[in-house]
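Report on the structure
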Amino acid sequence: MKCKVCKRPAVINLRAQNRGLCEGCFDRYVLDRVEKAIKRFKMFTRKEKVLVAVSGGKDSLGLWDILARLGYNPTGLFVDMGIHRHGHSERSRKVVEAFARSRGLELIVESLADWWGKGIEEIGRRVLCPTCGMAKRYLTNRTAVEGGFHVLCTGHNLDDEAAVLLSNTLNWQVGYLARQSPVLEAWHPRLTRKAKPLVLLTERESALYTILRGIEYMDEPCPYSRGATTLVYKRLLNQVEWRSPGTKQRFYTLFLKNKGLFEGVAREEREGLKECERCGQPTWEGLCAFCRFVEGSHGDRGREVPEGDQVRP
Ligand code: SF4
Ligand SMILES: [Zn+2]
Ligand SMILES: [Zn+2]
């Protein structure tokens, strides 16, 4: 297959667009898609302070690299959740630190142990993800707010967003649907704006970018991510996409076009908010979900104030 733009050998076939691209044209395509998402959804400007949540995976490191290349001067944030099985957190941290060093980029490292005294594996439950996701969201948001960052970026790509959308639709999670967005404004002084600059790129495109750039990333997923329902939805969507290229993109962009339908729900959800008695984070209860967790009264995780959507395993 030849590149549709310059006729050199193609490195990828973009089936949804019915065209192949060579390495150089693909690189330009990725940068253009990300810049387009940032502008179209008014995510941030070059004058704003940008924090990128990096896990060591291909999407977040690729995003950090892209934002630096586009001249946004992003700072990275790695949150060590204390996942010691297979040395996951330790290895991820090393990968992130090596990347930051090699590019001369600023990196902030936070650790759950500094806040709670131990790692997430010590919560004594079989299923870690809901609590881990909640704690990670809390720590990333708090670091962004206290560090004076205007925006917190995550590496969610189109496949992630389409899978979450499918899950929310199948379960008619109207509250989550109201909040799912490429950019979520900071609607409380203790919340930062959230943005997902990779939403116009598929997982395959994002992975290929990271590989072609020679970025060393953590290629083993978190040992607790196995069996996550998001992966089932991704597989399903890929099957549909194979038969009908462009479905994922259509599913997501048409949802964004019709998001106004859920506006009333989003407004209602914000009513009756208080501030956490311990940390000031918005909550519907006396203590926020994280403070209840830290204080040990976390048999019931309670209702977490939404500041985005689910964490990606
Ligand atoms: S898959 Fe994600 S949310 Fe679940 S334990 Fe691992 S890092 Fe935490
Ligand atoms: Zn080309
Ligand atoms: Zn709190």
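Above this note sits the structure.
Reference entry: report on the structure contained in this document. (Residues numbered from 1 in each chain as written. Chains lettered and ligands numbered in written order. Predicted model: local features only at pLDDT ≥ 70, side-chain atom pairs only at ≥ 80, totals over all residues.)

This part is about the overall build of the chain. Within the chain one finds 12 helices and 10 strands. Relative to the 2.2 N^0.38 estimate, which gives 20 Å for 313 residues, the radius of gyration of the chain is 19 Å and therefore close to what a compact globule would have. Taken along the three principal axes of its C-alpha coordinates, the chain extends 60 × 45 × 40 Å. For the chain, the residues scored as buried account for 39% of the 313 residues in total. A sequence separation of at least 24 residues applies to 67% of the contacts in the chain between residues at least 6 apart. (Helix = DSSP H or I, 4+ residues; strand = E, 2+ residues; numbered from the N terminus. Rg over C-alpha atoms; globule rule 2.2 N^0.38 Å. Buried ≥ 20, exposed ≤ 12 C-beta atoms within 10 Å, placed from the backbone. Contact = placed C-beta atoms within 7 Å.)

What follows deals with the pairing of strand β3 (residues 50-53). Regular strands place side chains that alternate from one sheet face to the opposite one. Burial along β3 is two-sided: the residues Val-50 and Val-52 and Leu-51 and Ala-53 are all buried. For β3 and strand β6 (residues 151-153), the ladder comprises three bridges, and the chain directions are parallel. In the sheet register, Val-52 faces β6, and the bridge partner there is Cys-153. Bridge analysis of β3 against strand β4 (residues 75-80) gives three bridges, and the strand direction is parallel. Bridge pairing in β4 links Leu-51 to Thr-75. Following the backbone out of β3, through helix α2 (residues 58-69) and into the adjacent parallel β4, one traces a crossover that is right-handed. (Pairing = 2+ DSSP bridges. Right-handed = clockwise from strand over helix to strand, strands pointing away.)

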